[in-house]
Amino acid sequence: MRMQLTNASDYYHIVDNMVGEFEYLILSAAARLGDDAYGAAIRREVEEATKRRCSIGALYTTLDRLQNKGLVETWMGEATPQRGGRAKRMVRVTKKGAQEASSFYRAIMRASRNVSWGMQ
Amino acid sequence: MTRRVIPRSILNIWVARTSRMLEPEDQEALCGDLAESGVSGFDALCDVMDLVIRRQLGSLREVRPWLLLTLLAIPLGFLLSVISRETADGSAIYLWLYTDNWNLDLVRTPGYWRTLAECLPNVYLSGSALVCSSLAAGLLIGTVARRGRWLSTVGLISVLFCAGTLGVPRELSFVLTLGRARDYFGNAIVFTNTFYRAVYPQILALFFCVLPFIYGTNKGIQVRNLPHSGRFLMSIAFVASVGALVSQSSSWWFLHLWDKWPVDFLGLPSPMQMATIGSATYLLLNAVRSRNAVPRNSRA
């Protein structure tokens, strides 16, 4: 279904709330991990998916941005011995976050239709 | 290069120290993630620095750090620069007297020791008041500035050195007693020496203002974690310390009203001593908090 934009504010609303690719990676990782989603686990998932190093700084600042957009909720979890008695920053994808991630995924699928990148 | 030259244990100490520049929750989660991932040394330092820089740059988009810079850090920088210069000039005279001019004949003179006994408490009081004022200013900014405290830190230090070197703007001369040109009264010979005129005040500003101030901004986070009663006590102590700081540069301080009749009859302490209240209260509350704190290993 094609989206109808009635005025400029609709456009800016969509641009402001649009999920970026790194945000999408984090949302996907957090959704896959479910109740076990926290900083270090999400980082491992993202690194495994992209085969690239994910900086903690980028991860935490993106989590803040997602939280400000209302796409995830975060809270301090319990401390564990393997973390040196430090607490985890737990992450949960909100309903809005799931909708935005789904919307981004569909947009990428639509954009990639009939495109061949010539990769082996 | 750095990976090979600097031992891992030293890098880990830097990691721990750098992570203190983060908010307590960020520090907790980040250090836990690093421990769980087994990342240490140079890689851990890069991760921590990355987050610290991102947090500080991110805070520049907020209004609060800029307000604090304008309303708190810059005025406090001016005040500290004035008091630091006054303390430097005052102590430079004695320093010159006792280091540049001593000889055995002078040492045998009773007056030499009497003057030394008279000046030492004053120099000590001025120095400790300056350190405590700087620490209290740092604690205050560290408490209220949250993520953007480094903007205020850079602002205050810049003002401190610029005002100390260039002088205070003429427009502020009615509140700040130090003008562009210093009047050395009968001690001009001391300040013909470049060290006492230009270098010594900067050294004093660095060790008595900048270092205590930076220490205070880092410890300011701990003040936010105090219970309500502790924070209330700290608020009163901050007002007393900053009040003492302001009073030292006002005409009230210049006239030494507490030394004049009938105020002297009450035996009031000089406002300079009030400057130590903020730091003393912080040290006391921190000691109580540390005593009641649960050891980290027992939390897991």
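The following paragraphs examine the structure supplied in this document. As the structure is a computational prediction, the values presented were derived from the model and not from experiment. (Residues numbered from 1 in each chain as written. Chains lettered and ligands numbered in written order. Predicted model: local features only at pLDDT ≥ 70, side-chain atom pairs only at ≥ 80, totals over all residues. Heavy atoms only, no water.)

1. Things to note about the interface of chain B and chain A
Next up, step 1: Contact residues are listed per partner, giving 23 residues for chain B and 24 residues for chain A.
Next up, step 2: Across the interface of chain B and chain A, roughly 2000 Å² is buried in total on both sides, 50% from carbon and sulfur atoms.
Next up, step 3: Counting the contacts that link chain B with chain A gives seven salt bridges.
Next up, step 4: As a salt-bridge pair, aspartate 47 of chain B and arginine 43 of chain A come within 3.2 Å of each other at their nearest N and O atoms.
Next up, step 5: Mapped onto the side of chain B that touches chain A, the elements with two or more residues apiece are α3 (24-37) and α4 (41-59) of chain B.
Next up, step 6: At twelve residues, the largest contribution of residues to the side of chain B that touches chain A is made by α3 of chain B.
Next up, step 7: For the side of chain B that touches chain A, a count of residues per class yields eight nonpolar, two polar and 13 charged. (Contact = heavy atoms within 4.5 Å. Buried area = accessible area lost by both parts, 1.4 Å probe. Salt bridge = Lys/Arg side-chain N within 4 Å of Asp/Glu carboxyl O. Helix = DSSP H or I, 4+ residues; strand = E, 2+ residues; numbered from the N terminus. Nonpolar A, V, L, I, M, F, W, Y, C, P; charged D, E, K, R; others polar.)

2. Comments concerning the pattern of salt bridges
Residues and elements named next belong to chain A.
Next up, step 1: Applying the stated criterion across every chain, the model contains 16 salt bridges over all chains.
Next up, step 2: Residues arginine 89 and aspartate 64 are paired through a salt bridge, measuring 2.8 Å at the closest nitrogen-oxygen approach. Taken together, the residues arginine 89 in strand β2 (residues 86-93) and aspartate 64 in helix α4 (residues 56-68) connect sequence positions 25 residues apart.
Next up, step 3: For arginine 89, a relative accessible area of 7% puts it in the buried group. (Buried < 20%, exposed > 50% of the residue type's maximum accessible area, 1.4 Å probe, protein only.)

3. Topic: unusual backbone geometry
Residues and elements named next belong to chain A.
Next up, step 1: You will see that lysine 51, though not glycine, has its phi angle at about 60°, which is positive.
Next up, step 2: As for its position among the elements, lysine 51 is in the loop between α3 (39-50) and α4.
Next up, step 3: Exposure remark for lysine 51: the relative accessible area of 69% places this residue in the exposed category.
Next up, step 4: The phi angle at asparagine 114 is positive, at roughly 60°, despite the residue not being glycine.
Next up, step 5: With respect to the helices and strands, asparagine 114 occurs in the segment after α5 (95-111).
Next up, step 6: Classification of asparagine 114 by relative accessible area gives exposed; the value is 80%.

4. A word on the packing of aromatic side chains
Next up, step 1: What the rule picks out here adds up to six aromatic pairs over all chains.
Next up, step 2: Ring geometry for tyrosine 112 of chain B and tryptophan 113 of chain B: centres 5.2 Å apart, planes at 80°, overall edge-to-face.
Next up, step 3: Residue tyrosine 112 of chain B is classed as buried on the basis of its relative accessible area, which comes to 12%.
Next up, step 4: Here the aromatic rings of phenylalanine 195 of chain B and tyrosine 200 of chain B are separated by 6.0 Å at their centres, their planes lie at 40°, and the arrangement is tilted.
Next up, step 5: Owing to a relative accessible area of 34%, phenylalanine 195 of chain B belongs among the partly exposed residues under this scheme.
Next up, step 6: Three or more aromatic residues joined by ring pairs make a cluster, and in this case those are Tyr98, Tyr112 and Trp113 of chain B.
Next up, step 7: Cation over ring: lysine 88 of chain A sits above tyrosine 38 of chain A, and NZ or CZ is 4.4 Å from the ring centre. (Phe/Tyr/Trp six-rings, centres within 6.5 Å; stacked < 30°, edge-to-face > 60°. Lys NZ or Arg CZ within 6 Å of the ring centre and 35° of its normal.)

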